[in-house]
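If you want the building blocks of each chain, they are given just below.
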Amino acid sequence: MVNNGPMKTTLDEMQAFIAVIDSGSITAAAEALGQTTSGVSRALGRLEEKLGTTLLTRTTRRLQLTEEGDAFLAQARAIVASVEAAEEQMTARRQRPAGRLRVDAATPFVLHVIAPLVAGFRTRYPDVQLELNSSERYIDLLERRTDVAIRIGPLADSTLHARPLAHSRLRVLASPAYLAEHGTPKTVEDLDGHALLGFNEPDSLNHWPLPGRTDALLHIRPAVAVSSGETLRRLALEGAGVVCLSDFMTHRDRDAGTLVQVLPALTVEVRQPIHAVYYRNTAVSARISSFLDYLAESMTGRAFLR
């Protein structure tokens, strides 16, 4: 016969024992706990069996603690109080989010959308320790110990839960200085004579929102290929060529006139979806919820994020 060792007492059994002492009877304890009298009685029996001792002596009139019962009561009260304190702390954390929150997003999104919101978020949630990481490629959340990632563009099927945040329109852009020197394209074919700047990967980002010759959208072969949209933005501002970027990172440039839209009348409306992703099989912590709610709230109504 295999000996599995002594059976462990449970929190329910300890709570039943304490309730009997505090209320003075098994019947009153059952009422206080919302249980049946027989259920409380069985819990006491199991507790005594597991401890191998008698905790209470029962008479027709009253219940009396044994010496062992009195010693165990003090320990049981301390254990139950500790568990209740832990539960209260978790409730408080849900109401007032706290702890480290690791967020990963592409550099342009961190710079143009998240960075302007950090001060306001910190004011509202001072106990959340925000850690921002920038990755140009999709990352493994578990490997990088990331709580939530912001992903731009269509999502592949995955084990991640995705929360839609917004959409951002794509436009073809160039600086006034570049257009003054090289001429402003009037047709899609005119782009053949220009320096088209794009991404080295994924190649899907080199589909521009213009009518294509063979595909639905124009596919360009970059004269200069880079890994980051922020690098493309900088190249365009320096007059190095024509780029295709999202409104969320170029709306201030267009407002200031430092970048202008190329071929606006021919542009097809393409909006990149923006999602927050996190693990589907974990409860969404208050830290994640507070950040995503604040992000979504701040992005609502922005003309460049619809």
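Below, the structure is looked at part by part. (Residues numbered from 1 in each chain as written. Predicted model: local features only at pLDDT ≥ 70, side-chain atom pairs only at ≥ 80, totals over all residues. Heavy atoms only, no water.)

This part takes up the overall build of the protein. The helix and strand inventory of the protein stands at nine helices and 13 strands. Scored against the burial criterion, the 306 residues of the protein give a buried share of 40%. Of the contacts made within the protein by residues no fewer than 6 positions apart, 73% connect residues no fewer than 24 positions apart. When the accessible surface of the protein is split by element, carbon and sulfur atoms take 51% of a total near 16,900 Å². (Helix = DSSP H or I, 4+ residues; strand = E, 2+ residues; numbered from the N terminus. Buried < 20%, exposed > 50% of the residue type's maximum accessible area, 1.4 Å probe, protein only. Contact = heavy atoms within 4.5 Å. Areas by Shrake-Rupley, 256 points an atom, 1.4 Å probe, with all protein chains shown as cover.)

With that out of the way, let us pick up unusual backbone geometry. Following glutamate 201, the chain continues into proline 202 via a peptide bond in cis, with omega recorded as -10°. With respect to the secondary-structure elements, proline 202 resides in the loop between β7 (197–199) and β8 (207–211). At leucine 263, a position not held by glycine, the phi torsion is positive, near 55°. Within the secondary structure, leucine 263 sits in the loop between β12 (260–261) and β13 (271–279). Residue classification places leucine 263 among the buried residues on the basis of a relative accessible area of 6%.

Our next topic: the side chain of threonine 267. Tracing the backbone through its elements, the reader meets threonine 267 in the loop between β12 and β13. Overall, threonine 267 belongs to the buried group, its relative accessible area being 11%. Of the polar contacts made by the side chain of threonine 267, one reaches the side chain of glutamine 261; its length is 3.4 Å. Ignoring any residue separated from it by four or fewer positions in sequence, one finds threonine 267 in contact with Arg169, Leu170, Pro209, Leu210, Gln261 and Val262. (Polar contact = N/O pair within 3.5 Å; in protein donor to acceptor, adjacent residues only side chain to side chain.)

Most of β13 sits out of view: seven of its nine residues are buried. By the bridge criterion, four bridges tie strand β5 (residues 148–152) to β13 in an arrangement that is antiparallel. For isoleucine 152, the partnering residue across the bridge sits in β13 and is isoleucine 274. (Pairing = 2+ DSSP bridges.)

In a regular helix each residue adds 1.5 Å, so 13 residues correspond to 18 Å; helix α1 (residues 11–23) covers 18 Å between its end C-alpha atoms and thus fits that length. The set of residues buried in α1 consists of Glu13, Met14, Ala16, Phe17, Ile18, Ala19 and Val20. Note on α1: the residue one or two positions beyond its end, glycine 24, has a positive phi of about 95°. (Expected span 1.5 Å × (residues − 1).)

A few words on the pattern of salt bridges. Proximity of charged atoms lets side chains of opposite charge pair with each other. Counted by the stated rule, this structure contains 13 salt bridges. Between arginine 77 and aspartate 22 there is a salt bridge, with the nearest N and O atoms lying 2.6 Å from each other. With a gap of 55 residues between them, arginine 77 in helix α4 (residues 67–95) and aspartate 22 in helix α1 connect regions that are remote in the sequence. Residue classification places aspartate 22 among the exposed residues on the basis of a relative accessible area of 51%. Where arginine 234 meets glutamate 238, a salt bridge forms, and the shortest distance between an N and an O atom there is 3.4 Å. One network of salt bridges, with partners in common, ties together Glu13, Arg46 and Lys50. (Salt bridge = Lys/Arg side-chain N within 4 Å of Asp/Glu carboxyl O.)

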